[in-house]
2 protein chains.
Amino acid sequence: MRPDDLPQIRELNIFKGISEESFDELMRASFLQTFPAQMELIEEGEPADFLHVVVEGCVELFAQSNGRESTMAMVYPVSSFILAAIMKDAVYLMSARTNKKSRVLMIPAVSVRHVFDTDPAFSKAMVIELSSCYRGVVKEHKNLKLRTSVERLANRILRYRQKQQNDQITLPYDKKILASNLGMTPENLSRAFNTLKPYGVKVEGNKITLSDVEQLAKFAKPSKLIDDQSV
Amino acid sequence: MRPDDLPQIRELNIFKGISEESFDELMRASFLQTFPAQMELIEEGEPADFLHVVVEGCVELFAQSNGRESTMAMVYPVSSFILAAIMKDAVYLMSARTNKKSRVLMIPAVSVRHVFDTDPAFSKAMVIELSSCYRGVVKEHKNLKLRTSVERLANRILRYRQKQQNDQITLPYDKKILASNLGMTPENLSRAFNTLKPYGVKVEGNKITLSDVEQLAKFAKPSKLIDDQSV
DNA sequence: CCTTACAATTGATATTTATCAAGACACTGT
DNA sequence: ACAGTGTCTTGATAAATATCAATTGTAAGG
């Protein structure tokens, strides 16, 4: 850990309000490391040794079984991942790889658990973080069980529009990953985009242009309890 | 709350190790209530007022969107549900109804949050419970994204076999709910059972008889990281 | 006891989604 | 610049899953 990284780290939400001693203990054995794209950080089934926090870049969480692979989530700064495995001292349920060059803070599991037990501010922050993650997965699960693939895509486009505050949208990662994340094949994602053409969705590479948001929303029928990240 | 219920409640895992004051505070405004089957306890979108704990019976968590409905999980004693909403002071993401006559402990959200802030043993218990729930949903999500419907059914049957320690299995609830929980229609569940007939799966009403567990397991390819509830 | 309602199954069909194959395109590293 | 690699798209086809309709069986309520 380079000393000049510390002030930036200290500002992270998960460390807000915790004592200097706690922060020191957490940082003592931690690493803040920069990884190139496509670097596997975690493999599912391994014991959870470190709590990972994406500080910069983007990390893909994925799972494998029976020769199949699926993107479970994309993690952006500043969020931790696989906190539950740390708290339960269990194995990772998902694998993680960088999607682009990323800076990742790695805090030893034992430190996390110890400070959790001794610093109420930290345990509070951890529980909020964990709750957010939990609700995120529940929403994803509802998304998958209650919608068709085209509906999922339409709602995802609306989410990007919301986030980027623009009717001209840039897809944040490859369509292949987007497809997997949305629970479909790349071929089907292509066709889903075509299906949305009548609703004013124009695709050019990784740029999406929306010309009739109202119609698109009417089709997508977004729900706060699935799509709203702040709820 | 009837006084003679208290000792039983006190033994629950989520109260293990917490102080008498904390326990008293939690119980003071709590209810332990018996509900008939098919009673709606929670509606998604409502503010999270109470932490619910299933003490006896069985509760179905389900979600609705766009005219569709899907069973998200079945909750058995002794587990809480929708803890994350309580901790975040947010709205429920799922609805809940009793599946059979059930006893449910209802603890006011404000008490939960207050005791969480003041009693480390309780915050520890809450975080373990929350982590378990989180990992449960992740496994469900993997199940849905990485397997076909017949594979999901096969693995579910193996799980019941494990739990009931018997090759003669009793389905714990209606096939309609099972189908929805597994992410398929009732019609398809019927057909999926037929597909499994060559693997020694015989169905008679809500009784399943397995005559070739080895072949079934070979087909199902169960994975610890999806099917093992203790991992 | 009858009636009603609904779960469950089955068949026929439609829709959705995946797979396979091929070609266009873009990016990377030498 | 160019070969090589992998993404993306499109078409043809196959597989998985849903829908619709009809029937049986079963359990609850009057």
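What counts, and at which threshold
Along each chain, residues carry numbers from 1 onward, in the same order as the chain's sequence is written. Ligands are numbered from 1 and chains lettered from A, in the order in which they are written. Note on the predicted model: pLDDT of at least 70 is required for a residue's local features to be given, and 80 or more for side-chain atom pairs to be given and counted; whole-chain, interface and lining totals, by contrast, use all residues. By convention in this description, side-chain values take in all heavy atoms of the structure and omit both hydrogens and water. Domain extents, as shown, originate in an automatic or database domain assignment. Buried area is understood as the total, over both parts, of accessible area removed when two parts are fitted together, assessed with a 1.4 Å probe. Between Lys or Arg on one side and Asp or Glu on the other, a salt bridge is scored when a side-chain nitrogen of the former is within 4 Å of a carboxyl oxygen of the latter. Definition of a polar contact: a pair of N or O atoms within 3.5 Å, with one able to donate and the other able to accept a hydrogen when the atoms are protein atoms, and with sequence-neighbouring residues admitted only if both atoms are side-chain atoms. Helix numbers and strand numbers start at the N terminus; a helix is a DSSP run of H or I with at least 4 residues, a strand a run of E with at least 2. Accessible area is worked out with a 1.4 Å probe on protein chains only. A residue is then buried under 20% of its type maximum, exposed over 50%, and partly exposed in between. Strand pairing requires that DSSP identify at least two bridges connecting the strands. A least-squares superposition brings the copies together, and it is based on the C-alpha atoms of residues with pLDDT no lower than 70 in both. Any pair of residues with heavy atoms lying within 4.5 Å of one another is described as a contacting pair.

Undergrad: Is there a simple way to think about the domain arrangement of chain A in this case?
TA: It is common to give the size of an interface as the accessible area lost on bringing the parts into contact. Residues and elements named next belong to chain A. For chain A, the domain assignment lists domain 1 (3-144) and domain 2 (148-227). A separation of 28 Å is found between the C-alpha centroids of domain 1 and domain 2. Both sides of the domain 1 and domain 2 interface together cover about 1200 Å² of buried area, and 47% of this is carbon and sulfur. Its largest share of buried area at the contact with domain 2, domain 1 owes to Thr71, Lys142 and Asn143, together 37% of the area lost on that side. Inspection of the region where domain 1 meets domain 2 yields one salt bridge. Our count for the contact surface shared by domain 1 and domain 2 stands at two residue pairs in polar contact (both at pLDDT 80 or more). Elements that contribute at least two residues to the side of domain 1 that touches domain 2 include exactly strand 5 (68-75) and helix 5 (120-146).

Undergrad: How do you make sense of the pairing of strand 7 (residues 95-98) of chain A when you look at a structure like this?
TA: Each regular strand displays side chains that alternate between the two surfaces of the sheet. All names here are of chain A. Of the two faces of strand 7, the one holding Ser95 and Arg97 and the one holding Ala96 and Thr98 are both buried throughout. Bridge count for strand 2 (residues 40-42) against strand 7 is two bridges, and the pairing is antiparallel. Within the sheet, the bridge partner assigned to Ile42 lies in strand 7 and is Ala96. Note that strand 4 (residues 59-65) and strand 7 share four bridges and pair antiparallel. Across the sheet, the residue bridging to Glu60 is Arg97, located in strand 7.

Undergrad: Could you clarify how one ought to interpret the relation of the copies chain B and chain A in this entry?
TA: A rotation about an axis combined with a shift along that same axis relates the two copies of the chain. Least-squares fitting of chain B to chain A yields an RMSD of 0.0 Å, with the transformation described by 0.0 Å of translation along the axis and a rotation of 180 degrees. The two molecules are tied by a two-fold rotation axis, judged by turn and shift. Judged by C-alpha distance, Tyr134(B) is the residue of chain B that lies nearest the rotation axis, at 2.5 Å. Taken as a fraction of all interface residues of chain B, those also at the interface in chain A reach 98%, which identifies the copy contact as same-surface.

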